[in-house]
Amino acid sequence: MKITPLKIGTVTIENPFILAPLAGFTDLPFRLLCRENGAGLVYSEMISCHGLTYNQQKTIDMLQTDENERPVAMQLFGSEPDIMGNAAKILSKYPIDIIDINMGCPVKKVIKRGAGSALMKTPELAGQIIRQVVENCNKPVTVKFRSGWNHQSINACQFAQMAEEAGASAVIIHARTWSDGFSGKADWDIIRQVKENVAIPVIGNGDIHSYETALALMHETGCDGVMIGRASLGRPWIFHADSPPATSRLRLATLHRHLQLISRYTRQGWALGKIRNHAGRYFKGMPHGASIRSRIYQVKTFSELQSMVDGLLHESLTQEPEEQREQQTDKN
Ligand SMILES: Cc1cc2nc3c(=O)[nH]c(=O)nc-3n(C[C@H](O)[C@H](O)[C@H](O)COP(=O)(O)O)c2cc1C
């Protein structure tokens, strides 16, 4: 399958394999790591429109970017059109490329305020939000949503048409309903149906666990791009077209790089907290992985973790390639 660049509004993305927004994970260091590993575009964690308009420090910290990660998209969530518009105006001043609107989050505290996937039940309000965001920013706007609220109210096609009419430059479909949460099989056919119903680019999401499945999704549905979430955690090389074998050397070298990026871009005292969510995932499915994970959870400081990973990487670099291959358990 020939991979061509993807155009979202005025922004050209060199390849259509995209890092999904993942709250608690897709901060600047991880986004940079995914770009270095071949992701064509990266999405931030969801950012509260209230936090942005009230200039809350925690929210401002989430806006940290770097030239090397561009193109980058920042995702807003909220349910009041005027506040979302104001937040988009503020966000536009940052060196970012795309603004995304979250209309897919199933989390209770987001839903109860009418935001995230609750907006799939109020498409008129969703349209007003999209219009306000589009009118108040100078960047292309994407909208990320689900198949529908539940299996009795699948409305992704109408929702996508509404988003296109309201000025969105692309839509992203997580092919599950709110009622599915994050489990059950994603129904890729919904992505195919959406693609047939709008002219703007359609990005498919859900159940992508390798580069090959990403290609299969594009092939089966005709979608223009693929967004990868959980499968990128501990495996950012998933974005590589040549899918390198997940040897222990590759895992350690990638974690080593992740630690470097965290130490460069994270405030002192926060680095260990930032990497804890990620570190153990690099060793999932690897022989002796469980014992490495338990050592990781016992470290008390970031520099202790760095020394441990340095030591393990050094050990793996002195091993023969055959031993490395034996240690590989999954391809990606
Ligand atoms: C821990 C976690 C955090 C997430 N945070 C966000 C978020 O901030 N914004 C969003 O639109 N989706 C969020 N999602 C949903 C993902 O972007 C994605 O749509 C979903 O995980 C399905 O893709 P996957 O099967 O490739 O993981 C999150 C999912 C998980 C598991």
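Residues numbered from 1 in each chain as written. Predicted model: local features only at pLDDT ≥ 70, side-chain atom pairs only at ≥ 80, totals over all residues.

Student: Talk me through the overall build of the protein; I want residue IDs and the actual numbers.
Tutor: For the protein, the count of helices and strands is 14 helices and 10 strands. Dimensions of the protein, computed from C-alpha atoms along their principal axes, come out at roughly 60 × 45 × 35 Å. Looking at the protein as a whole, 46% of its 332 residues qualify as buried. Within the protein, counting contacts between residues at least 6 apart in sequence, those at least 24 apart form 70% of the total. (Helix = DSSP H or I, 4+ residues; strand = E, 2+ residues; numbered from the N terminus. Buried ≥ 20, exposed ≤ 12 C-beta atoms within 10 Å, placed from the backbone. Contact = placed C-beta atoms within 7 Å.)

Student: Give a detailed account of helix H7 (residues 156-165), specifying residues and quantitative values.
Tutor: Three- or four-residue spacings in an α-helix give side chains the same orientation, since the helix completes a turn every 3.6 residues. Turning to H7, its buried residues are Ala156, Phe159, Ala160 and Ala163. Buried residues of H7, seen end-on, are gathered within an arc of 100° and therefore sit on one face of the element. Those residues of H7 that are buried lie in contact with helix H6 (123-135), strand S7 (141-148), strand S8 (170-177) and helix H8 (188-197). Just downstream of H7, Gly167 is the residue with a positive phi angle, here 110°. (Arc of directions from axis to C-beta.)

Student: Any chance you could break down the environment of Thr142 for me, citing the residues and the numbers?
Tutor: The topology assignment puts Thr142 in strand S7. On the basis of neighbour counts, which here come to 27 C-beta atoms within 10 Å, the residue Thr142 falls in the buried class. When the C-alpha atoms of Thr142 and Ile130 are compared, they prove to be 8.9 Å apart, with 12 residues separating the residues in sequence. Sequence-distant contacts of Thr142, that is, excluding residues within four places in its chain, are made with Ile8, Ala73, Ile98, Asp100, Ala168, Ser169, Ala170, Val171 and Ile172.

Student: I'd like a rundown of the sheet that holds strand S5 (residues 72-77), residues and numbers included.
Tutor: What the eight strands build is a closed barrel, ordered S3-S4-S5-S6-S7-S8-S9-S10; its pairing is parallel. Ignoring which end each strand starts from, the neighbouring axes of this sheet average 30° apart. Relative to strand S10 (residues 225-228), strand S9 (residues 202-205) runs parallel, the two sharing three bridges. Note on S10: the bridge partner recorded for Gly204 is Val226. Against the sheet, helix H1 (residues 28-36) contacts strand S3 (17-19), strand S4 (41-48) and S5, and its axis sits at roughly 165° relative to S4. (Pairing = 2+ DSSP bridges. Axes fitted to C-alpha atoms, helices over the stretch in contact; angles between N-to-C directions.)

Student: Go over the site of the ligand, please, and point to the residues and values.
Tutor: Around the ligand lies a shell of 22 residues, among which Ala20, Pro21, Met46, Gly229 and Arg230 are the nearest. Here the shell around the ligand is composed, by residue class, of 10 nonpolar, eight polar and four charged. (Near = placed C-beta within 6 Å. Nonpolar A, V, L, I, M, F, W, Y, C, P; charged D, E, K, R; others polar.)

Student: How would you summarise the domain arrangement of the protein if you had to cite specific residues and measurements?
Tutor: Per the domain assignment, the segments of the protein are domain 1 (6-239) and domain 2 (248-327). With centres defined by C-alpha atoms, the gap from domain 1 to domain 2 works out at 30 Å. (Domains from an automatic or database assignment.)

Student: Describe in detail the environment of Cys137, supporting the description with residues and values.
Tutor: In this fold, Cys137 is placed in the loop between H6 and S7. Distance from Cys137 to Ile99, taken between C-alpha atoms, is 8.4 Å for residues 38 residues apart in sequence. Other than its neighbours up to four places away in sequence, Cys137 contacts Ala88, Lys89, Leu91, Ser92 and Ile99.

Student: Please provide a residue-by-residue account of the packing of H1 against helix H10 (residues 248-265), values included.
Tutor: Running from amino to carboxyl end, H1 crosses H10 at an angle of 140°, the nearest separation of the two axes being 9 Å. As judged from the angle between their axes, H1 and H10 are oblique. Here H1 runs over H10; the crossing is right-handed. Note on element contacts: H10 touches H1 through Arg257, His258, Leu261, Ile262 and Tyr265, opposite Leu28, Pro29, Leu32 and Leu33. (Parallel < 35°, antiparallel > 145°, perpendicular 65-115°, else oblique. Left-handed = near helix turned anticlockwise from the far one by under 90°.)

Student: Break down helix H13 (residues 302-317) for me, with residues and values.
Tutor: The end-to-end C-alpha separation of H13 is 22 Å, in line with the 22 Å expected for 16 residues at 1.5 Å each. Along H13, the residues classified as buried are Phe302, Leu305, Val309 and Leu312. End-on view of H13: buried residues confined to an arc of 95°, all on one side of the axis. Those residues of H13 that are exposed and aimed more than 90 degrees away from the buried face are Ser307, Gly311, His314 and Glu315. Residues of H13 that are buried make contact with H10, helix H11 (271-279) and helix H12 (289-298). (Expected span 1.5 Å × (residues − 1).)

Student: Please give an account of the nonpolar core that cites residues and values.
Tutor: One finds Leu76, Ile99, Ile130, Val171, Ile173 and Val226 to be the most contacted residues of the largest nonpolar core, which totals 95 residues. The residue makeup of this core includes at least three contributed by each of domain 1 (6-239) and domain 2 (248-327). (Core = buried A, V, L, I, M, F, W, Y, C linked by C-beta atoms within 7 Å.)

Student: For the pairing of S9, give the residues involved together with the corresponding values.
Tutor: Every second residue of S9 is oriented toward a common face, with Val202 and Gly204 on one face and Ile203 and Asn205 on the other, all of them buried. The pairing of S8 with S9 spans four bridges and is parallel. Bridging across to S9, Ile173 finds its partner in Gly204. Of the crossover connections in this fold, the one passing from S8 over H8 to the parallel S9 is right-handed. With helix H9 (residues 211-221) bridging S9 and the parallel S10, this β-α-β connection has right-handed handedness. (Right-handed = clockwise from strand over helix to strand, strands pointing away.)

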